[in-house]
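Each chain is listed here by its residues.
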Amino acid sequence: MAARASAKLTARLAPGETLGDRVLRVDHAGEHGAVCVYRAQRRLARWTAPDLLSEIDEYIAHEMRHRALFAAELARRGQPRCLSYPVCATLGTLLGTLTGLLGRHAISATTVAIERVVLRHMAQQIAALSASDPAAVLILTDILAEEQEHHDRSAAHLPGGHFQKLLDTGVAAATEAVIWIGMRR
Ligand SMILES: [Fe+2]
Ligand SMILES: [Fe+2]
C-alpha cells in the first residue's frame, strides 16, 4: 500500500491502484449510501412527510444514476467495489430510517449536511485529478450540479434552530468519517 497525496487529497492506495481509481470506488460506495438513505426515508415519509415524496423520488433517481456512472467506470477499469460499500448501505439505511421517523425537517437537514460534505470533497477530487484522470473528472463534473440542487432545494425547507444544527453536525461528521475510512483503509 502506498500513501499518496495530491492537492489536499490523501489516500492509501492498493498496488496498481491510482488515486482516480480510489476516488471512484469511494464515491461509488457513497452514492450507494445515498440511495439507501433516501429509500429508507421514503418508506417513512409516506406518513411523516408526504409532501416531500416527489422530491425524494427525484433524489433517488439521481443517486441511482450517479451510482451507475461510477459502477460503469469501475467495471471499465477492472476495479472492484470499495470495502466500505456494505458499510455505506447499513449506515445509510439506519440514518434514513431514523431521520424518516423524525419527519420533514430531519429529512431535509440530513440532505443538506451530506451534500455539503460531498460537494466539498468532490471539488477537492476534481482539483486533485484534473491533470491525471480526465475520465474521473468528467463523471464528477456531471454529478456535481445535481448534488448542488439536492443541497439547495433541501436547505430551502429548513427553518433553522438547535435541533437542526445538532443533526447537521452529527450527519456531517458521520459522512466525513465514512469518506476518510474509504480513502485510507
Ligand atoms: Fe449522488
Ligand atoms: Fe445527492
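This text goes with the structure placed above it.
Just so it is clear, the model here is predicted, and its values are computed rather than measured.

1. Some words on the side chain of Glu146
Now for step 1: Within the secondary structure layout, Glu146 lies in helix α5 (residues 134–155).
Now for step 2: Here Glu146 falls in the buried class, since its relative accessible area comes to 17%.
Now for step 3: There is a polar contact of 3.2 Å between the side chain of Glu146 and the side chain of Arg65.
Now for step 4: Those residues within four positions of Glu146 in sequence are excluded, and the remaining contacts are His62, Arg65 and His66.

2. Here's the deal with the coordination of the iron ion (ligand 1)
Now for step 1: The protein atoms that coordinate the iron ion (ligand 1) are Glu31 (OE), Glu63 (OE), His66 (ND1) and Glu147 (OE), at distances of 1.9 to 2.2 Å.
Now for step 2: In this structure, the iron ion (ligand 1) is surrounded by four donor atoms whose angles at the metal cover 87 to 138 degrees, and the resulting shape is irregular.
Now for step 3: Each donor residue of the iron ion (ligand 1) belongs to the same chain, with the gaps between them written as E-x31-E-x2-H-x80-E.
Now for step 4: In this structure, the iron ion (ligand 1) is positioned 3.7 Å from the iron ion (ligand 2), and both are ligated by Glu63. Taken as a pair, Glu63 in helix α2 (residues 53–77) and Glu147 in helix α5 lie far apart in primary sequence, 84 residues in all.
Now for step 5: With a relative accessible area of 1%, Glu63 lands in the buried category.
Now for step 6: The class of Glu147 is buried, set by a relative accessible area of 2%.

3. Describing the environment of Ala177
Now for step 1: In this fold, Ala177 is placed in helix α6 (residues 162–184).
Now for step 2: As a C-alpha pair, Ala177 and Glu63 span 114 residues in sequence and 20 Å in three-dimensional space.

4. Comments concerning the coordination of the iron ion (ligand 2)
Now for step 1: Only Glu63 (OE), Glu115 (OE), Glu147 (OE) and His150 (ND1) from the protein coordinate the iron ion (ligand 2), and they sit 1.9 to 2.4 Å from it.
Now for step 2: The coordination sphere of the iron ion (ligand 2) comprises four donor atoms, whose angles at the metal cover 86 to 128 degrees; the geometry is tetrahedral.
Now for step 3: Considered as a linear motif, the donors of the iron ion (ligand 2) on their single chain read E-x51-E-x31-E-x2-H.

5. A short note on the layout of surface pockets
Now for step 1: In this structure, the largest pocket occupies an estimated 710 Å³ of space.
Now for step 2: Breaking the lining of the largest pocket down by element, the ones donating at least two residues are α1 (19–48), α3 (85–102), α4 (104–129) and α6.
Now for step 3: Sorting elements by how many residues they give to the lining of the largest pocket places α1 first, with nine residues.

Conventions adopted
- Residues numbered from 1 in each chain as written.
- Chains lettered and ligands numbered in written order.
- Predicted model: local features only at pLDDT ≥ 70, side-chain atom pairs only at ≥ 80, totals over all residues.
- Heavy atoms only, no water.
- Helix = DSSP H or I, 4+ residues; strand = E, 2+ residues; numbered from the N terminus.
- Buried < 20%, exposed > 50% of the residue type's maximum accessible area, 1.4 Å probe, protein only.
- Polar contact = N/O pair within 3.5 Å; in protein donor to acceptor, adjacent residues only side chain to side chain.
- Contact = heavy atoms within 4.5 Å.
- Donors = N, O, S within 2.8 Å, 3.2 Å for Na, K, Ca; no water.
- Tetrahedral: all angles 85-135°; square planar, octahedral: opposite > 155°, others 65-115°.
- 1 Å grid on protein atoms, 1.4 Å probe; cavity = no way out; pocket = protein on both sides within 12 Å on 5 of 7 lines; lining within 4 Å.
- Points joined across faces, edges and corners; volume = space filled by probe spheres on them.

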